[in-house]
Amino acid sequence: MAGPGSDLPDHPDWLWRTPEPKRSYDVVIIGGGGHGLATAYYLAKNHGITNVAVLERGWLAGGNMARNTTIIRSNYLWDESAGIYEHALKLWEGLEEQLDYPILFSQRGVLNLAHSLQDVRDSVRRVEANRLNGVDAEWLDPQQVKEVCPIVNISPDVRYPVLGGTYQPRAGIAKHDYVAWAFARAADAMGVDLIQHCEVTGIDIVDGRAVGVRTTRGPIAAGKVAMCAAGHASVVAAMAGVDLPVQSHPLQALVSELLEPVHPTVVMSNAVHVYVSQAHKGELVMGAGIDSYNGYGQRGSFHIIERQMSAALELFPTFARAHVLRTWGGIVDVTPDASAIMGLTPVDELYVNCGWGTGGFKATPGVGWCYAHTIANGEPHPLNAPFSLERFTTGALVDEHGAAAVAH
Amino acid sequence: MMLISCPWCGPREEAEFHYGGQAHVSYPEDPSALSDEEWARFLFYRDNPKGPFAERWNHSASCRRWFNVIRDTVTYEILAVYPVGTPKPVIA
Ligand SMILES: Cc1cc2nc3c(=O)[nH]c(=O)nc-3n(C[C@H](O)[C@H](O)[C@H](O)COP(=O)(O)OP(=O)(O)OC[C@H]3O[C@@H](n4cnc5c(N)ncnc54)[C@H](O)[C@@H]3O)c2cc1C
Ligand SMILES: [Zn+2]
């Protein structure tokens with residue numbers, strides 16, 4: 001009998017070149033996480049722009065891309081969000097073929113549990129909104145929740161009883177590292193230079209226009225500069241004198257030891273602050289909400305983990321014998337309306353993509369597609385136009401706290 | 001978990017406190033005189049430095065009082081604790 005993980009591919013050889021940075025590029029992307037890599041890929045693929053460098057201060061996709069819990073869904077409340085997340089989900093559905101690389105995209109569904117009357121009302125409203133936007137969504141009563149995920153405790157005798165849940169069958173998970181490698185390999189093959197251990201330390205501006213960057217490996221001229229630094233968005237934007245309405249927080253996650261398959265889907269609960277899936281290899285993957293304070297330390301406080309474990313145990317009593325094997329943290333860039341910022345900046349030919357906070361992995365292909373369009377054309381794609389920086393001045397916020405606050 | 005020194009109760013564990021974000025942000029004296037840009041800045045823009053940060057904490061599980069802290073956002077080390085309404089101490 002095949003053991004756990006026997007369906008996984010072998011560890012790959014080098015998938016991309018390690019070029020020396022050239023003195024100049026048409027587009028310089030700051031940040032080699034999932035978003036930067038996907039943007040480079042679609043710049044080359046959709047727009048024929050291949051004289052592109054992705055500059056990464058650490059190793060490729062070692063930031064939030066390496067640290068996220070890989071939940072993919074598109075069941076957000078507002079039309080603007082449904083637009084971009086559903087676009088991303090459709091891309092996910094063809095991505096493995098498109099990139100010709102296994103990314104273990106598994107549409108095992110996502111359940112968002114409701115534990116109070118208000119939760120129920122909000123959830124049912126969100127299901128209706130999702131359907132109007134062509135996003136698959138169902139409202140399940142507790143018994144139906146149990147049918148989808150038999151290990152969920154639906155007893156009414158708990159502190160936060162399960163009153164039902166929303167279910168998106170097309171949602172799921174993917175293997176985050178493979179996604180990054182797949183985009184990196186495909187971008188590299190089209191001529192994009194992926195340059196690791198190259199920290200951007202300054203952005204050169206002449207007459208209100210970005211013309212290049214300074215880096216730990218020397219200055220690099222650029223026709224266009226695209227910021228993609230996630231947790232470091234504020235730090236990078238400040239190099240161009242641009243302020244962003246973003247706060248950087250620690251976000252933690254953890255895994256158990258490898259276990260027999262017990263958990264067939266993804267379960268999230270905003271009210272009790274926990275979400276759980278079981279990775280392909282067998283470990284339980286869990287996360288919670290952000291640590292409240294600002295932090296760039298890639299670590300958070302232990303009481304957050306403790307609370308998330310007690311919430312998980314109440315929902316899944318069968319986890320009582322599981323062990324926490326490893327915990328870690330990333331740095332997430334949180335906006336006031338829990339929606340991303342993607343588009344132009346007050347500086348010409350300087351572009352911003354940030355603010356995806358706790359939930360930008362699922363958007364990776366959609367971000368790449370729309371951001372590449374924005375950069376190539378000097379104006380936003382219709383799907384990211386609502387996520388402009390100006391919305392904080394005009395007041396046209398996209399308030400996704402209900403669908404995004406704890407949820408990822 | 002951080003150990004935070006409440007000026008009134010002494011060192012207590014972080015779980016007793018509530019975070020209040022950036023310190024020294026005062027309500028505009030004449031809100032209706034602000035432009036949309038200025039109002040947006042007051043509502044939505046806060047400093048987000050990598051390094052020392054002046055921020056507010058409330059000892060919500062005990063004396064329930066607010067105070068200010070300078071904390072390094074990379075090491076999480078607390079560099080100063082000082083009362084609300086007093087100037088930000090200079091960190092060497
Ligand atoms: C614990 C955790 C769980 C999460 N769970 C989910 C989830 O289940 N589902 C979901 O959709 N999202 C999730 N997220 C959010 C998701 O990971 C992020 O929104 C997304 O990864 C951000 O885009 P990115 O991949 O480009 O970021 P990153 O991978 O962080 O890329 C940014 C890169 O910029 C680099 N950089 C920064 N400054 C500079 C500089 N000056 N010069 C050069 N490079 C620089 C960084 O080193 C980094 O590699 C989670 C995040 C965390 C931390
Ligand atoms: Zn106190």
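Parameters at a glance
Residues numbered from 1 in each chain as written. Chains lettered and ligands numbered in written order. Predicted model: local features only at pLDDT ≥ 70, side-chain atom pairs only at ≥ 80, totals over all residues. Heavy atoms only, no water. UniProt positions renumbered as here; feature names shortened; annotations may be inferred. Pairing = 2+ DSSP bridges. Helix = DSSP H or I, 4+ residues; strand = E, 2+ residues; numbered from the N terminus. Expected span 1.5 Å × (residues − 1). Buried < 20%, exposed > 50% of the residue type's maximum accessible area, 1.4 Å probe, protein only. Right-handed = clockwise from strand over helix to strand, strands pointing away. Contact = heavy atoms within 4.5 Å. Buried area = accessible area lost by both parts, 1.4 Å probe. Salt bridge = Lys/Arg side-chain N within 4 Å of Asp/Glu carboxyl O. Polar contact = N/O pair within 3.5 Å; in protein donor to acceptor, adjacent residues only side chain to side chain. Axes fitted to C-alpha atoms, helices over the stretch in contact; angles between N-to-C directions. Phe/Tyr/Trp six-rings, centres within 6.5 Å; stacked < 30°, edge-to-face > 60°. Patch = residues over 30% accessible without salt bridge, like charges linked within 9 Å, V, L, I, M, F, W, Y side chains within 5 Å. Areas by Shrake-Rupley, 256 points an atom, 1.4 Å probe, with all protein chains shown as cover.

Per an unreviewed UniProt entry, chain B goes by the name Sarcosine oxidase subunit delta and belongs to Planosporangium thailandense.

As recorded by an unreviewed UniProt entry, chain A carries the name Sarcosine oxidase subunit beta and is attributed to Planosporangium thailandense. Per UniProt, chain A has the following entry under Sequence similarities (unreviewed entry): "Belongs to the SoxB family." In UniProt, chain A has this text filed under Subcellular location (unreviewed entry): "Cytoplasm".

Trainee: Hey, could you run me through the pairing of strand E10 (residues 209–215) of chain A in this one?
Mentor: The two faces of the sheet receive side chains in turn, since in a regular strand these alternate between them. Residues and elements named next belong to chain A. Relative to E10, strand E9 (residues 200–206) runs antiparallel, the two sharing six bridges. What sits directly across from Asp 204, in E10, is Gly 212. As paired elements, E10 and strand E11 (residues 218–227) share four bridges and run antiparallel to each other. What sits directly across from Thr 215, in E11, is Gly 218. Turn length for the E10-E11 hairpin, with the two strands adjacent in sequence and antiparallel, is two residues.

Trainee: What should I look at first to understand helix H8 (residues 302–315) of chain A in this one?
Mentor: Between the first and last C-alpha of H8 of chain A there are 20 Å, a value that for 14 residues agrees with the 20 Å anticipated at 1.5 Å per step. The complete set of buried residues in H8 of chain A reads His 303, Ile 304, Ile 305, Gln 308, Met 309, Ala 311, Ala 312 and Leu 315 of chain A.

Trainee: Mind showing me how you'd approach the pairing of strand E2 (residues 52–55) of chain A here?
Mentor: All names here are of chain A. Residues Val 52 and Val 54 point to one face of E2 and Ala 53 and Leu 55 to the other, with burial holding for every one of them. Relative to E2, strand E1 (residues 24–30) is paired through four bridges, and the arrangement is parallel. Paired with Val 27 across the bridge in E2 is Val 52. Of the crossover connections in this fold, the one passing from E1 over helix H1 (residues 34–47) to the parallel E2 is right-handed. The pairing of E2 with strand E8 (residues 193–195) spans three bridges and is parallel. Bridge pairing in E8 links Leu 55 to Ile 195.

Trainee: I keep staring at the UniProt feature "domain: Rhodanese" (unreviewed entry) in chain A and nothing clicks. Help me out?
Mentor: UniProt annotation of "domain: Rhodanese" (unreviewed entry) refers to residues 27–71 of chain A when read in the numbering used here. Spanning residues 27–71 of chain A, this segment combines 40% helix with 20% strand, and its end C-alpha atoms are found 30 Å apart.

Trainee: Could you clarify how one ought to interpret the interface of chain B and chain A in this entry?
Mentor: Chain B puts 23 residues into the contact, and the matching count from chain A is 28 residues. Taken together, both faces of the contact between chain B and chain A bury some 2100 Å²; the carbon and sulfur share is 53%. Of all residues in chain B, Phe 44, Asn 48 and Tyr 76 of chain B give up the largest surface area on contact with chain A, accounting jointly for 33% of the area buried on that side. Taken together, the connections running from chain B to chain A amount to one salt bridge. Between Asp 243 of chain A and Arg 41 of chain B there is a salt bridge; the shortest N-O distance is 3.1 Å. One can count 15 residue pairs in polar contact (both at pLDDT 80 or more) joining chain B with chain A. Looking at the side of chain B that touches chain A, the elements with two or more residues in it are helix H1 (36–44) and strand E4 (52–58) of chain B. Among the elements that make up the side of chain B that touches chain A, the one with the highest residue count is H1 of chain B (five residues).

Trainee: Explanation requested: the sheet that holds strand E3 (residues 18–22) of chain B in the structure shown.
Mentor: Backbone hydrogen bonds are what pair the strands of a sheet, in a parallel or an antiparallel way. All names here are of chain B. Strand order across the open sheet formed by four strands is E3-E4-E5-E6, with antiparallel pairing between neighbours. The two strands at the open ends of the sheet, each matched to only one other strand, are E3 and strand E6 (78–82). Direction aside, the axes of adjacent strands within the sheet are offset by 30 degrees on average.

Trainee: Just checking my understanding: could you explain the packing of aromatic side chains for this structure?
Mentor: Geometrically, a pair of aromatic rings is defined through the distance of the ring centres and the angle of the planes. Residue and element names in this part refer to chain B. One pass over the structure, following the stated rule, counts 18 aromatic pairs over all chains. Arranged with centres 5.9 Å apart and planes meeting at 80 degrees, the rings of Phe 17 and Phe 67 form a pair that is edge-to-face. One end of the pair, Phe 17, is in the loop between strand E2 (10–13) and E3; the other, Phe 67, is in strand E5 (residues 66–72), with 50 residues separating them in the sequence. On the basis of relative accessible area, Phe 17 is assigned to the buried category, the value being 9%. Judged by its relative accessible area of 0%, Phe 67 is buried. Arranged with centres 5.6 Å apart and planes meeting at 35 degrees, the rings of Trp 39 and Phe 42 form a pair that is tilted.

Trainee: Looking at this structure, how should I read the side chain of Asn 112 of chain A?
Mentor: Residues and elements named next belong to chain A. Looking at where Asn 112 falls in the secondary structure, it is placed in strand E4 (residues 110–114). Taking relative accessible area as the criterion, Asn 112 reaches 8% and is therefore assigned buried. A polar contact of 3.3 Å, which involves the side chain of Asn 112, links it to the side chain of Asn 75.

Trainee: Would you explain a nonpolar patch on the surface in this entry?
Mentor: Taken together, the side chains of Tyr 27, Trp 39 and Leu 43 of chain B make up a nonpolar region of the molecular surface, amounting to roughly 320 Å² of accessible area. Note on placement: Leu 43 of chain B falls in helix H1.

Trainee: Help me understand the pattern of salt bridges in this model?
Mentor: When the charged atoms of two side chains with opposite charge come close together, those side chains can pair. Counted under the stated rule, the structure contains 15 salt bridges over all chains. A salt bridge links Glu 20 of chain A to Arg 217 of chain A; the shortest N-O distance between them is 3.3 Å. Placement of Glu 20 of chain A in the segment before E1 and of Arg 217 of chain A in the loop between E10 and E11 is noted, with a sequence separation of 197 residues between them. We note a salt bridge from Arg 71 of chain B to Glu 55 of chain B, for which the minimum N-O separation is 2.5 Å. Of the two residues, Arg 71 of chain B sits in strand E5 while Glu 55 of chain B sits in strand E4, which places them 16 residues apart along the sequence. One salt-bridge network, held together by shared partners, links Glu 86, Lys 90, Glu 93, Asp 136 and Arg 170 of chain A.

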